[in-house]
Amino acid sequence: MAVRKAALACSVCGSRNYSITASKNRTQRLELKKFCKHCGKMTLHKETR
């Protein structure tokens, strides 16, 4: 099974704050509520490639 690296980007300011390792089998992009240090609050972070 192949593993790839992806980043989680803030949907408000666009900064890439978190990096994850994800399996290649997933078809949908990951969306999580995480803390953005640039915005200073909890925001929705979406997976980027």
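All of these numbers come straight from a predicted model, not from anything done at the bench. (Residues numbered from 1 in each chain as written. Predicted model: local features only at pLDDT ≥ 70, side-chain atom pairs only at ≥ 80, totals over all residues. Heavy atoms only, no water.)

### Quick word on the side chain of Thr43
Moving on, step 1. Mapped onto the fold, Thr43 is located in strand 4 (residues 41-48).
Moving on, step 2. Since its relative accessible area comes to 5%, Thr43 is described here as buried.
Moving on, step 3. The contacts of Thr43, once residues within four sequence positions are left out, are Cys10, Val12, Leu32, Lys33, Lys34 and Cys36. (Helix = DSSP H or I, 4+ residues; strand = E, 2+ residues; numbered from the N terminus. Buried < 20%, exposed > 50% of the residue type's maximum accessible area, 1.4 Å probe, protein only. Contact = heavy atoms within 4.5 Å.)

### Remarks on the sheet that holds strand 2 (residues 16-23)
Consider a sheet: its strands pair through backbone hydrogen bonds, and that pairing is either parallel or antiparallel.
Moving on, step 1. Strand order in this open sheet of four strands is 2-1-4-3, and the pairing throughout is antiparallel. In this open sheet, the two strands that pair with only one neighbour each are strand 2 and strand 3 (31-36). With direction set aside, neighbouring strand axes in the sheet form an average angle of 40°.
Moving on, step 2. In this sheet, strand 4 lies alongside strand 3 in antiparallel orientation, the contact comprising six bridges. By the bridge assignment for strand 4, Leu32 is matched with His45. (Pairing = 2+ DSSP bridges. Axes fitted to C-alpha atoms, helices over the stretch in contact; angles between N-to-C directions.)

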